[in-house]
Every structure is written in structure tokens, then in C-alpha cells.
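# A structural walkthrough
Chain by chain, the residues:
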Amino acid sequence: MADNSNLRIAVVGGGPGGYAAAFLAADLGMKVTLIDPEVNPGGVCLYRGCIPSKALLHVAKLIEESHQAKNWGIEFADPKIDLARLRSWKESVVKKLTGGLGQLSKQRSVKYVQGRASFENSNTLRVAKGNGGEESLSFDRIIIATGSRPAVVPSLKIDSPRMMDSTGALDLQDIPKSLLVVGGGYIGLELGSVYAALGTRVTVVEMLSGLLPGADRDLVLPLHKRLEKAFEGILLNTTVKSLKEEKNGIRATFEGKDVKEKEKVFDRALVSVGRKPNSEISGLDKTRVQVNQRGFIQVNNQLQTDDPSIFAIGDVVGEPMLAHKASHEGRTAVEVIAGHKYTFEPNAIPAVVFTDPEVAWAGLTETQAQAEGRQIKVAKFPWGASGRAVTIDRTEGMTKMLIDPETERVLGVGIVGPGAGELIAEGVLAIEMAALAGDLELTIHPHPTLSETVMEAAEVFYGTSTDVYRPKKA
Ligand SMILES: Cc1cc2nc3c(=O)[nH]c(=O)nc-3n(C[C@H](O)[C@H](O)[C@H](O)COP(=O)(O)OP(=O)(O)OC[C@H]3O[C@@H](n4cnc5c(N)ncnc54)[C@H](O)[C@@H]3O)c2cc1C
């Protein structure tokens, strides 16, 4: 292994990209400084993203299942919600994980500086510390991992305590009677689901013709159907034109071809219309780093910017803005700095929407294949034919596989149903290992599990599934 002990590395931003990079760099023997405004590493994902939202979605699922239990002859009383305890449980989850990262950082002798960094030049950072002090530090290489923040729609920006972005929604200040969610992407649907389970009447407004734009429609349909029951309204092809604070709430006006009610008052409004990269770092113009028109820092497939001393990773370099993409990029950047032959060229980055049912996909999607005019075969296994799905009374799910008709290689996998977020990992592995549909068909899966649906989708491709019946063509 090369001697990296003289390499001084700074990582700016302690999210899943930044801390993964810092910890691996330390493990490879580099002298590492990690800079972030929070008391411990964690970034958006741990403090105000993936982790708190999943803790609350776990509670939401429990509440929903307690209602569904009626169908199975078990009746629970309506839940009593102690909001303060729920909030403090969620906060304890965040603290446990971020505190753990603080520990891991110390154990690795990573120098953790609580503060905000700006650039003096390509190799020197000025850090404004939480305690008011300032420090200039020089490095051989700097990795920018400053992440992203909620996008703001200027026309919907009003100064009102009733307005929330995703961070405010996760704070769970109260359980409003009614909530307007602007944006039908994954963050709006996940947080909307949490509030709906807690008893809020939720209305989601999406300007496009369907929820979760970008995902295949057949995967979204079962979710849409369930959310139609859980939410008060799902307004598609609708734009929120204005928001105005009134005595009793936020008055929203709507525009669009399907609009029936032109305005409505809500207790609170959550704007979740995407995220913006944090690339406006002070002094970045003193380096050779280039930022593109969408605000993402430009990097090559080794995460190198146009400045030889500076790398960038995670949300700040582009889509998909997901934690696992950030951490893999972080690892790649460090391996490259260490002189190893590494590039970031995944065949599949899984996407998971942690609603109920979950929606997950990896690799090629049908929407993408159609747009590219690419020939593919699609094999679908409906969960109505899955023993496990029937035992949990969730037969609306579906597992599908996109297969190259010539080579029979698995190009993409899509799953909708409870646990889809766990199941998709098998699809990712299949795609990365260049598996053929036949490999999945021949892999013995445990019974009765939802994982069998992946094998059965491959069987559907070959027409050998014994759990679904297709009459032979005459
Ligand atoms: C509500 C919500 C739910 C989400 N759920 C999921 C999910 O389930 N799965 C998933 O994969 N992704 C999820 N995401 C997205 C995920 O959080 C991000 O993709 C991920 O955090 C990006 O990691 P990162 O390392 O690029 O940056 P971030 O996690 O954004 O961290 C960047 C850090 O850099 C700090 N920083 C910024 N500027 C400076 C500076 N100048 N100096 C020092 N520090 C600075 C920031 O304060 C922050 O702490 C969710 C996001 C939200 C908002």
C-alpha cells in the first residue's frame, strides 16, 4: 500500500458523502480534517433527512397497520399521540447516530472542526468556528461535500410560522388539522404520509400529471391508490399560484386544467419542490472549480473538479441526490487521492421512496427505455400470486424486471410493495454483476418471502412461473 501519511486532506461538509470520505482517508493513513457546522458529523441525511424521516415513517406504518388490523379480526383503540415523546424519540435516534459518528471520528484521529469553511485559495481554507474564532488551514487536497438545501419558489415564499420546508416538517411542532404539501416528489409524499398517519388531513399538489415524476407509472399506481385513501386530496396537473397568510391559516390558490376548487385554506403548508446544491461557497471563485448552470460543481468520473487540488462529491455535484450515491462518491474520491485506480461508474444507483407501499427501482427504467427507443423485454410478477404478500394482506405490489432481449441480461428492476426498499438490493446486485434473468431464475429463494418475487419475475420472463398462469397461444 502506498504511503499516504504525509497527505493532508480536508473534507468540507460532514454528511454521508463527507464523513465516509474522511473516515476512509483516515483508514488509508492520511491526515484528515473534517469541517461541518454541527456538533458531530451527519449532515442533512442524519440531522434533517433520511434518518428522522424514516424514524417517523416507522411510526406512521405502525399506526396504519393498527387500523388495517380490523380486517383480520383485531381491533385497536385509536392511538393516543404524545407528540413530545414522539419528537424526543426521533431526536434520540438522530443523537445516537450522530454521536456514534463523533466517536468514530475521534477513534480514527480525524480532526473534527465545528465551523463553516470558505476558500482562501485552492489549498487553504478559512474556517469560521461556532465559538466565533477563525482559523486558516492548508491542505494537499480538499474534498467539497457541502450537500444541498430545500429549493425555494420565490412566489410561494412567505414569512409565516405556518410555512414549512422538509426541515420544519420534521421538527413536528404540532399536528395541524390540515396540511398542504406543495410537490408530489418523494420528500412531500413521505412527510405527507407521516402527518396523515398522525391525523392531519393532507392535500398534495403536483404540477405534473402524476406523483413521483421519473418513476415508472405502473410502480406508482398502487401507491397512488393507497394515498388516495390516506390523503384528503391529490391534485395533479395543478400549480399552487399563491400562498397568503390569513387569521385562520394559509390561503392557497390553484391553477391548472384539472382544478375544481380554485382556493382553499390550510393550517400549514409544506413546500417540497426539490433541492438546490450548496455550491455558493465563499471564495470558491479563488480556485479553478467550475459550477454548471444548475449550480452543481463540475467533476469527472473520478470526482476531480477543474482544480487539481479539489475534489467534490455528493448532492453538490449532481443527481441523484441520495445518501448512498454521496458516500460511494466520497470513497471513490479518496481512493483516487490515494493513487488507486478507481472511477465512479455504477450501473445502478437504487432509488427508494419510503412510503407505504414503498416504491424502489434500480438501473434502467421503462420510462427511460421508451425515451431512448431501446428494445427491452419487461417481465412482471404481480404480488397477488405471492404467498408471502397474501399472508401480510398486501397483494397490490408488483416486481418487474427489464431484460435485454438478445443477451437476457438484467438491465433494470422495479418493485412496489412493503419492503421494496430492502428487496431492491438484490436487483442492484444482479445489475452490477451483469446477471442474466436465468441466474435469478435458478437462484433458490427462501419461501414464503417477498424476495421470491424477484426470482418469479425472471420465471415470468421465461414463461416458466408456476404461480401465474398464461394460456398458451394457439
Ligand atoms: C427529508 C429528507 C429525506 C431524505 N431521505 C433520504 C433517504 O431516505 N435516502 C437517501 O438516500 N437520501 C435521502 N435524502 C437525501 C440525503 O439526505 C442527501 O442525498 C444526502 O444527505 C447528501 O449527502 P452529502 O454528503 O452530499 O451532503 P449533506 O448531507 O447535505 O451534508 C452537507 C453538510 O455540509 C455542511 N456544509 C455546507 N456548507 C458548508 C461549509 N461551507 N463549510 C462546512 N460545512 C458546510 C452542511 O451544513 C451539511 O452538514 C433525504 C433528504 C431529505 C431532505
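Refer to the structure presented above.
As the structure is a computational prediction, the values presented were derived from the model and not from experiment.

Now for the overall build of the protein. Within the protein one finds 13 helices and 22 strands. Considering only C-alpha atoms, the protein reaches an extent of 70 × 65 × 40 Å along its principal axes. Within the protein, the proportion of its 474 residues that are buried is 50%. Each charge class in the protein was averaged separately, 55 positive and 58 negative side chains, and the resulting centres sit 4 Å apart.

Taking 1.5 Å per residue as the helical rise, helix H7 (residues 217-230) with its 14 residues ought to reach 20 Å, and the 19 Å between its terminal C-alpha atoms agrees with that figure. Buried residues of H7: Leu 219, Val 220, Pro 222, Leu 223, His 224 and Leu 227, and no others. Residues of H7 that are buried sit in contact with helix H6 (186-198), strand S11 (233-235), strand S19 (358-363), strand S21 (398-403) and strand S22 (410-417).

Here we come to the pattern of salt bridges. Counted by the stated rule, this structure contains 25 salt bridges. The salt bridge involving Glu 232 is made with Lys 264; its shortest N-O contact spans 3.1 Å. You can see Glu 232 sitting in the loop between H7 and S11 and its partner Lys 264 sitting in strand S14 (residues 263-266), a full 32 residues away along the chain. According to the relative accessible area criterion, Lys 264 is partly exposed, its value standing at 25%. For Arg 251, the salt bridge identified is with Glu 263, shortest N-O distance 2.9 Å. Taken together, the residues Arg 251 in strand S13 (residues 249-255) and Glu 263 in strand S14 connect sequence positions 12 residues apart. The partly exposed category is assigned to Arg 251, whose relative accessible area is 26%. One salt-bridge network, held together by shared partners, links Asp 216, Asp 218, Glu 366, Lys 380 and Lys 400.

Further remarks concern the environment of Arg 268. For Arg 268, the position within the fold is in strand S15 (residues 268-271). Residues Arg 268 and Ala 169 lie 99 residues apart in sequence; the distance between their C-alpha atoms is 9.7 Å. Once residues lying within four places of it in the same chain are set aside, the contact partners of Arg 268 are Pro 161, Arg 162, Met 164, Gln 173, Asp 174, Pro 176, Ser 178, Leu 179 and Leu 180. Among the polar contacts listed, one links the side chain of Arg 268 to the side chain of Gln 173, at a separation of 3.3 Å.

A few words now on the site of the ligand. For the ligand, the set of nearby residues contains 37 residues, the closest of which are Gly 17, Asp 36, Lys 54, Asp 315 and Ala 323. A distance of 2.7 Å is found between an oxygen atom of the ligand and a side-chain nitrogen or oxygen belonging to Lys 54. Protein chains bury 95% of the 1000 Å² of accessible surface belonging to the ligand in isolation. Broken down by element, the shell around the ligand gets its largest block of residues, four residues, from helix H2 (residues 43-48). Of the residues belonging to the shell around the ligand, the class tally is 16 nonpolar, 15 polar and six charged.

Pairing in this open sheet of three strands is antiparallel, and the strands run S12-S13-S14 from one edge to the other. The sheet is open, and its two edges are formed by strand S12 (239-246) and S14, each paired on a single side. Taking the axes of each pair of neighbouring strands and ignoring which way they run, one obtains an average angle of 25° across the sheet. With seven bridges joining them, S12 and S13 adopt antiparallel strand pairing. When the sheet's bridge partners are listed, Leu 243 is paired in S13 with Ala 252.

Criteria and thresholds
Residues numbered from 1 in each chain as written. Predicted model: local features only at pLDDT ≥ 70, side-chain atom pairs only at ≥ 80, totals over all residues. Heavy atoms only, no water. Helix = DSSP H or I, 4+ residues; strand = E, 2+ residues; numbered from the N terminus. Buried < 20%, exposed > 50% of the residue type's maximum accessible area, 1.4 Å probe, protein only. Lys, Arg positive; Asp, Glu negative; His and termini not counted. Charge placed at Lys NZ, Arg CZ, Asp CG, Glu CD. Expected span 1.5 Å × (residues − 1). Contact = heavy atoms within 4.5 Å. Salt bridge = Lys/Arg side-chain N within 4 Å of Asp/Glu carboxyl O. Polar contact = N/O pair within 3.5 Å; in protein donor to acceptor, adjacent residues only side chain to side chain. Near = heavy atom within 4 Å. Areas by Shrake-Rupley, 256 points an atom, 1.4 Å probe, with all protein chains shown as cover. Nonpolar A, V, L, I, M, F, W, Y, C, P; charged D, E, K, R; others polar. Pairing = 2+ DSSP bridges. Axes fitted to C-alpha atoms, helices over the stretch in contact; angles between N-to-C directions.

Keep in mind these numbers describe shape, not what the thing actually does.
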